[in-house]
Each structure stands twice: as structure tokens, then as C-alpha cells.
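# Reading the structure
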Amino acid sequence: AVGEAVPAAQRGSWSSFLKSIASFSGDLSSLTAPPFILSPVSLTEFPAYWCEHPDIFAAIADAPDDESRALAVLKWFICTLKGQYTSRNESMGSEKKPLNPVLGELFYGHWPPPASNPKQGTTTLLVEQVSHHPPITAYVIENKSKGLRLTGHNAQKTSFSAGSIIVKQIGHAVLTVSRPSSSPVQYLLTLPKLRIDGLWYGSPYIELAETSYILGGGFVTAIEYKGKGYFSGKSHTFKATVTPAPGMGGAAKVEHVVEGTWHERSKFVKSSGGSAKAHVLQRANGEELFHDVAADGKLEVTALGGDGTGGMSEFETRKLWAAVAKGIREGDFETASREKSRIENDQRQRRRDEAAAGSTWPLKHFVPEESDPVYERLARLVKLTPPTEDFYVFQENWPAVPVLQQAQN
Ligand code: CLR
């Protein structure tokens, strides 16, 4: 029945919420949703999902050649998907509606290396909400000692189809791998399309669809996503094909095909060479696995205060939303909604003041650019559309974040 998973008192407001999304397309964040579906976490925290396996991220730097590195990048990408797309179901019972970040909202964090392997280095995270209308989040994830940097931005375009919310992810990420004796290698990562199912019952969950790419370093990786009812009948299935970029393969026919589920296990179903594969192979129960989620623990990010004293400034997400998040966690929705209105009114006032003064909000870490040359160059490998995309360029020399620098040393 409709709203089976919804608390009885909120069923009415759940069906009106469903009606409003069915007749609406654009920015979902602006729709009022019933309390049971609210998450206390802001979207500025989501980029942390890229690095909940800092060891698998760091291992990219240790790959001995282009082919091994292409597989190492794919492995890291696949290992992030469970956190990105199923973790709210695990921690909160279903997918939820995240807090809609304010312009200039910040999140800083880090992952220290494990005591057993200090050489893995520290990974740091810097996130800034660079636009409110539409919501756009930019981030930089970096392991300086390994020479790895991931920069990217995210926005979403939502529509409604056959009872599901379809989310087209706008934006892309670029992974830069610096090497001591040769030029850096760059990979363009595109993002999968999402379908949010289970809405009718009030227990939404994400399924991935279509194809996303990892392009660069002499290779092209296409990752095709399927859900329940498609080829294997299982949820969360993918098939990844790694081949040399056009004109890069030479005479040797290199091809790796990996199949499985991104929230559990995947294995090589075809592999042309032994040595590259050996670099990422996991063995368990006599099987040659590409990746087994159960075999690696996830490490959640440690949030850092970014104002240099270890405390947080008022725009840091966990400070900004503290009262709202507490209200949502404790079921005190009156306080949550009052505090949320207070933040939103303050934002409206700031925008009015800026308009009156003829100024705009100064971003702290990024500058918007109309087109990204890295995207343009790598998108050509598979003739992606659009042929170019905008980008947010990280400003190394702008207000340094002392706490992040400390973490890096
Ligand atoms: C943000 C970027 C991350 C991956 C990711 C995971 C979940 C997505 C989120 C992104 C964007 C916002 C999102 C969310 C799931 C639900 C939520 C689409 C793409 C929407 C706005 C809320 C819908 C409300 C229903 C749950 C009722 O790397």
C-alpha cells in the first residue's frame, strides 16, 4: 500500500509530496518533505564518499604501469559506489532527503593513515558549496605524499518517470596522478545516472543506470549499470570494460572485463594480461576477485574545523546545521524547521544586501570557468556529450586552511 513504510501520521503528507514531485521537474531540494524522510546531513558532506577506502585510493599511486593504473583507478571507483549510493539505507533505513547546502557552506576533513602503514599518507578533503540556485558542490580530495588529487563538482537534474525519480548527475571529476620522473596523468570521471525507486512505499533506494566512464592514462573504461530485472536479474550490477584509448593499444589486444555487483563482489570475466591484473587481484575461497566490499573496512572522514583554531567557522556544515541536525535526529521537528527557516532567512537577507551593494558572495576556494580543457581533451576519446563542461578551479593560494595543512604534515 502507499506509504507502507511511512509513520501513519505522515502518510498524507507523503502522498502530497509524491504528487508534487510527479508534477515537477528541476530542483527537488526546494520541495517540502515530511519529517520521516529528512536526513540530518548536508550534501556538502557527500564528497567524502570518494575516499572511505583511503588505502585503495593511495594504491593508485603505486601501480607500475598505465594498464595496472587503469585497473587500480577502476577498483577505487567501484569501491566508492556502495557508500555513495546505499549507505543512507544502511544507516537510516532508506534513502533520505539531504540538507540543501547554503552558498559558501564548507566542509573540511581528513583520513589519517593507519598505524600499520604510515607510508599510505594522509588524505584531506575540502568542500565548498559554490552555488545555491542551482545547488552545486565543488571539492578537492588529496593525498599529497602519494601525489594524488581528485577535483570535481556535482549538481543534479531531476525528473519523474514511471513512479521513480530520475537523477541526471551534472558535473565531473578529474583525478590527477603526479609522478616523480614523468608528467602527471589525468583521468576524467563521469557520473552515473540514478533512479530512485521505492517511493510509493515510502522507502526510497537508489539504482544506477546507463554508463559512466573513466578516461585517460592511455585507457578507456566504460562502466555499464543494470538493476533488478535486467541481464542477471540482480540489483546493483555492473560490467566494466577496460581497453586502450583509440590509437594507444599497439598490436597487443588488451582488454579487461569485470562483472559483478558494486555493493558486494565483482570478478574478472575476461582478462588479456596477467601482470596488470595481478596488481589488483583479491583471492578469496579459491576465487579470483576484482573487488569484495566485505574484505575492506570503510573509514569515515574525520571532520576538521577550518578556521585555524580547531574550532569551526559559522559556515562549516556541522556547525551551521547543528541545531537542525539535532532536531531531526531527536525527532524534534518543530525546532528543526524553526532553525532551518532561520538559516534560510539569513541567506535571503545576505542576498538582498549583496544586491543592494552590487556585490556577490566571494567563494573561498574556487573560481568558476566556462569550460574545462581536461574534460574537452578526454571527452573526445568516447565522443561524450556535451563536448565541454564548466568547472570550478581550485585556488591553491587562496585562504589556506591551517587545519588541513597540519593534517597534511
Ligand atoms: C550527490 C553526489 C554524491 C552521490 C549522491 C548520492 C545520493 C544523491 C545525491 C548524490 C544527490 C541528491 C539526491 C541523493 C539521493 C536523494 C537526493 C539525489 C548524487 C534527492 C535530492 C532527494 C530526493 C528525496 C527522496 C529521497 C524522497 O557523490
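To be clear, the structure that these remarks concern was listed above.
Let me begin by describing the structure that accompanies this report. (Residues numbered from 1 in each chain as written. Predicted model: local features only at pLDDT ≥ 70, side-chain atom pairs only at ≥ 80, totals over all residues. Heavy atoms only, no water.)

For the rest of this paragraph, the subject is the overall build of the chain. Secondary structure assignment for the chain yields nine helices and 20 strands. In summary, the chain has a C-alpha radius of gyration of 22 Å against a globular reference of 22 Å for 409 residues, a match within 12%. With respect to the principal axes defined by its C-alpha atoms, the chain has extents near 65 × 55 × 45 Å. Counting across all 409 residues of the chain, residues that qualify as buried make up 51%. Within the chain, contacts between residues at least 6 apart in sequence are counted, and of these 58% link residues at least 24 apart. For the chain, the accessible surface area stands at approximately 18,700 Å², while carbon and sulfur atoms represent 53% of it. (Helix = DSSP H or I, 4+ residues; strand = E, 2+ residues; numbered from the N terminus. Rg over C-alpha atoms; globule rule 2.2 N^0.38 Å. Buried < 20%, exposed > 50% of the residue type's maximum accessible area, 1.4 Å probe, protein only. Contact = heavy atoms within 4.5 Å. Areas by Shrake-Rupley, 256 points an atom, 1.4 Å probe, with all protein chains shown as cover.)

Next up on the list: helix α3 (residues 66–92). The end-to-end C-alpha separation of α3 is 40 Å, in line with the 39 Å expected for 27 residues at 1.5 Å each. Of all the bends found along α3, the most pronounced is centred on Thr86 and spans about 65 degrees. Counting buried residues along α3, 21 of its 27 residues qualify, which places the element largely inside the surrounding structure. Near the N-terminus of α3, the side chain that reaches the backbone nitrogen of Glu67, with its oxygen 3.2 Å away, is that of Asp65. Downstream of α3 by one or two residues, Gly93 has phi in the positive range, about 90 degrees. (Expected span 1.5 Å × (residues − 1). Bend = angle between axes of the 7 residues up to and from the residue. Polar contact = N/O pair within 3.5 Å; in protein donor to acceptor, adjacent residues only side chain to side chain.)

This paragraph deals with helix α7 (residues 333–357). In this model, α7 (25 residues) spans 36 Å end to end at C-alpha, consistent with the 36 Å of a helix rising 1.5 Å per residue. Within the span of α7, buried status applies to Thr335, Ala336, Glu339, Ile343, Gln347 and Glu354. Contacts made by the buried residues of α7 are with α5 (317–320) and α6 (322–330).

Turning our attention to the packing of aromatic side chains. All told, the structure shown has 10 aromatic pairs when counted by the stated rule. A network of ring pairs unites the aromatic residues Trp50, Phe57, Trp76 and Phe77 as a single cluster. A cation over an aromatic ring shows up here: Lys277 above the ring of Phe268, its NZ or CZ 5.4 Å from the ring centre. (Phe/Tyr/Trp six-rings, centres within 6.5 Å; stacked < 30°, edge-to-face > 60°. Lys NZ or Arg CZ within 6 Å of the ring centre and 35° of its normal.)

Okay, the site of the ligand next. Neighbouring the ligand are 19 residues; Phe17, Gln84, Arg88, Gln156 and Gln169 lie closest to it. In this structure, Gln84 approaches the ligand through a side-chain N or O atom, which is 2.6 Å from an oxygen atom. Ranked by the residues each element gives to the shell around the ligand, the list is headed by α3, at three residues. (Near = heavy atom within 4 Å.)

A few words on the pairing of strand β17 (residues 287–292). Pairing analysis gives three bridges linking strand β15 (residues 265–271) to β17, with the strands arranged antiparallel. Across the sheet, residue Ser266 finds its bridge partner in β17, namely His291. Bridging between strand β16 (residues 282–284) and β17 involves three bridges; their strand directions are antiparallel. Counterpart to Ala284 in the pairing with β17 is Glu287. Connecting β16 to the next strand, β17, in antiparallel fashion are two residues, including Asn285 with a positive phi near 50 degrees. (Pairing = 2+ DSSP bridges.)

Residues Trp76, Phe77, Leu175 and Leu189 are the most contacted members of the largest nonpolar core, which totals 64 residues. Per-element accounting of this core gives the leading share, 11 residues, to α3. Grouped together as the second largest cluster of nonpolar side chains are 27 residues, Val140, Trp321, Ile328 and Ala407 included. (Core = buried A, V, L, I, M, F, W, Y, C linked by side-chain atoms within 4.5 Å.)

Turning to a nonpolar patch on the surface, a few remarks are in order. Taken together, Val2, Trp200 and Tyr201 make up a surface patch of nonpolar side chains, about 310 Å² in accessible area. Relative to the assigned elements, Trp200 resides in the loop between β10 (193–197) and β11 (205–216). (Patch = residues over 30% accessible without salt bridge, like charges linked within 9 Å, V, L, I, M, F, W, Y side chains within 5 Å. Salt bridge = Lys/Arg side-chain N within 4 Å of Asp/Glu carboxyl O.)

With that settled, consider the environment of Phe160. For Phe160, the position within the fold is in strand β6 (residues 148–161). Given the relative accessible area of 27%, Phe160 is considered partly exposed. Excluding anything up to four places from it in sequence, Phe160 contacts Ile21, Ala22, Ile165 and Leu199.

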